[in-house]
Amino acid sequence: MASDIVYKVLDRISGAGLLATGLLLLTALVSALVAYWRTVEKKSWKEFFEFAIPHEVITHPSARADLLFWVTRKALMPFLMLPAGIVFVSAVGYATNWLLSTLLAIQPPLIEGPAGPVTVTIFTITMLLAYDISYYLYHVAQHRYPVLWELHKVHHSAEVMVGITKDRVHPLDELMNRAWDGVIPGICFGIWLLVSLNLVELTVFGVNVYIIRNILMMDFVRHTHFKISFGPLNNLILCPHWHQLHHSTDPRHYDKNFGLLFSFWDRLFGTLCVPRPDEDFKFGLIERNVRDYQSLAGLYIMPLKRMWWQIARHFRTGKPEPQQSSQRAKP
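Residues numbered from 1 in each chain as written. Predicted model: local features only at pLDDT ≥ 70, side-chain atom pairs only at ≥ 80, totals over all residues. Heavy atoms only, no water.

- The name that an unreviewed UniProt entry assigns to the protein chain is Sterol desaturase/sphingolipid hydroxylase (Fatty acid hydroxylase superfamily), with the source organism given as Rhizobium loti.
- For the record of the protein chain, the UniProt heading Subcellular location (unreviewed entry) holds the text "Endomembrane system". (UniProt positions renumbered as here; feature names shortened; annotations may be inferred.)

Laid out in structure tokens, this is it:
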């Protein structure tokens with residue numbers, strides 16, 4: 001099991017990671033071209049680069065904070081986040097498998113040998129759904145509970161969106177998210193281990209399904225100003241423009257569009273909000289000290305202090321500190 005975990009980590013940070021990065025950057029370039037073509041009447045390459053990389057955006061303090069945060073955070077990823085994500089899911093999966101096989105007196109696997117294409121396809125779809133609903137539920141909790149919100153404010157404190165804003169996530173917040181992922185996806189994985197011990201995710205032309213998921217969700221593009229919509233496919237996949245609304249400071253948009261890949265969770269639970277095709281948004285937080293988040297200390301240390309204050313206040317008074325931000329679900 002340990003060697004398998006090491007192999008998966010190395011695989012993700014080597015060839016697969018480079019392929020994913022290349023494809024994501026390509027989708028960003030294509031998205032910029034599409035958005036520019038739809039927006040500007042008189043077109044030129046000079047104006048395209050000014051549209052794709054606005055000077056007022058890349059020189060904004062929030063963009064500089066994003067870059068510094070991205071560089072420092074990337075140093076933690078191979079040694080903390082990726083192993084943690086694999087360990088949590090694997091641990092819960094094998095525990096679930098042992099518990100069910102013991103209680104039901106089943107000797108796994110039910111299917112001997114390598115899993116067939118039908119099994120692999122169904123396994124992949126169910127795991128994608130498990131990861132997606134897990135993210136949705138955790139994301140809702142981040143907006144609903146003050147302690148989690150103090151960490152999640154790091155992501156929402158971006159006042160401009162520059163692509164790498166997608167990684168503006170506090171390490172503790174991401175670690176807790178990975179731990180939570182061990183529950184639903186972990187249990188789902190454990191149940192599947194009863195069926196087959198040789199499960200692999202589906203690949204398309206050799207590309208792992210999770211890389212395909214990252215391309216479809218266009219995480220880099222959804223954290224830019226490019227208004228990209230998928231048309232009728234929006235009913236299935238959450239497009240970048242709909243996610244940009246989630247970062248809006250307009251009260252009409254608070255606590256909407258929580259989904260990661262699929263949009264039907266928001267529709268099912270009543271948190272979907274569809275923007276106008278040409279709608280612009282102002283990003284950030286509605287609170288006095290929002291500029292305090294545009295530094296490494298503000299992104300790493302301040303959320304931990306405010307999180308601790310929330311916990312201390314709860315034990316002292318039984319109530320959390322009233323939140324200054326309106327970007328929060330109502331209890």
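Things to note about the overall build of the protein chain
Link 1 in the chain: Along the backbone of the protein chain there are 16 helices and 2 strands.
Link 2 in the chain: Here the protein chain, with 331 residues, has 50% of them falling under the buried criterion.
Link 3 in the chain: Residue pairs at least 24 apart in sequence account for 74% of intrachain contacts in the protein chain once pairs closer than 6 positions are excluded.
Link 4 in the chain: About 17,000 Å² of surface is accessible on the protein chain, with carbon and sulfur atoms providing 69% of the total. (Helix = DSSP H or I, 4+ residues; strand = E, 2+ residues; numbered from the N terminus. Buried < 20%, exposed > 50% of the residue type's maximum accessible area, 1.4 Å probe, protein only. Contact = heavy atoms within 4.5 Å. Areas by Shrake-Rupley, 256 points an atom, 1.4 Å probe, with all protein chains shown as cover.)

Some thoughts on a nonpolar patch on the surface
Link 1 in the chain: Together, L26, L29, V30, L33, V34, W45, F49, I53 and I58 make up an exposed nonpolar region whose accessible area comes to about 860 Å².
Link 2 in the chain: At the level of elements, α2 (15-39) and α3 (45-52) are the ones that each hand at least two residues to the nonpolar patch.
Link 3 in the chain: At 5 residues, the largest contribution of residues to the nonpolar patch is made by α2.
Link 4 in the chain: With respect to the secondary-structure elements, L29 resides in helix α2. (Patch = residues over 30% accessible without salt bridge, like charges linked within 9 Å, V, L, I, M, F, W, Y side chains within 5 Å. Salt bridge = Lys/Arg side-chain N within 4 Å of Asp/Glu carboxyl O.)

A few points about the environment of H155
Link 1 in the chain: Positionally, H155 belongs in helix α8 (residues 146-156).
Link 2 in the chain: Exposure remark for H155: the relative accessible area of 8% places this residue in the buried category.
Link 3 in the chain: On a C-alpha basis, the gap between H155 and D173 in space is 10.0 Å, while along the polypeptide they are 18 residues apart.
Link 4 in the chain: Look past the residues within four positions of H155 in its chain and what remains in contact with it is T165, K166, R168, V169, H223 and H247.
Link 5 in the chain: Within the structure, the side chain of H155 is placed 3.3 Å from the side chain of H247, a separation counted as a polar contact. (Polar contact = N/O pair within 3.5 Å; in protein donor to acceptor, adjacent residues only side chain to side chain.)

Considering the UniProt feature "transmembrane region" (unreviewed entry) in the protein chain
Link 1 in the chain: In this structure's numbering, the residues bearing the UniProt feature "transmembrane region" (unreviewed entry) are residues 16-37, 79-106, 118-138 and 183-212.
Link 2 in the chain: Taken end to end, residues 118-138 has its terminal C-alpha atoms 30 Å apart, with 100% of it in helix and 0% in strand.

Thoughts on the pattern of salt bridges
Link 1 in the chain: Under the criterion given, the structure shown has 14 salt bridges.
Link 2 in the chain: D219 is the salt-bridge partner of R222, the closest N and O atoms lying 3.9 Å from each other. With R222 and D219 both in helix α12 (residues 219-222) and 3 residues apart, the pair spans about one turn of that helix.
Link 3 in the chain: What makes R222 buried here is its relative accessible area of 1%.

Some points on the environment of H246
Link 1 in the chain: As for its placement among the helices and strands, H246 is situated in helix α13 (residues 240-246).
Link 2 in the chain: Separated by 35 residues in sequence, H246 and F281 place their C-alpha atoms 9.5 Å apart.

Some points on the nonpolar core
Link 1 in the chain: Ranked by internal contacts, the top residues of the largest apolar core, which has 14 residues, are V221 and F226.
Link 2 in the chain: Those elements giving two or more residues to this core turn out to be α2, α3 and α12.
Link 3 in the chain: Contact partners of F226, with chain neighbours within four places excluded, come to A28, S31, A32, A35, F51, A52, V221, P240 and Q244.
Link 4 in the chain: Grouped together as the second largest cluster of nonpolar side chains are 13 residues, L128, Y131, W192 and Y210 included. (Core = buried A, V, L, I, M, F, W, Y, C linked by side-chain atoms within 4.5 Å.)

So, the packing of helix α7 (residues 117-144) against α8
Link 1 in the chain: At their nearest, the axes of α7 and α8 sit 6 Å apart, and the two run at 100° to each other. Between α7 and α8, the crossing angle belongs to the class labelled roughly perpendicular. Packed against α7, whose contacting residues are Y138, H139, A141, Q142, H143 and R144, the element α8 presents P146, L148, W149, H152 and H156 at the interface.
Link 2 in the chain: For the contact of α7 with α8, the residue count by class is 5 nonpolar, 5 polar and 1 charged. (Axes fitted to C-alpha atoms, helices over the stretch in contact; angles between N-to-C directions. Parallel < 35°, antiparallel > 145°, perpendicular 65-115°, else oblique. Nonpolar A, V, L, I, M, F, W, Y, C, P; charged D, E, K, R; others polar.)

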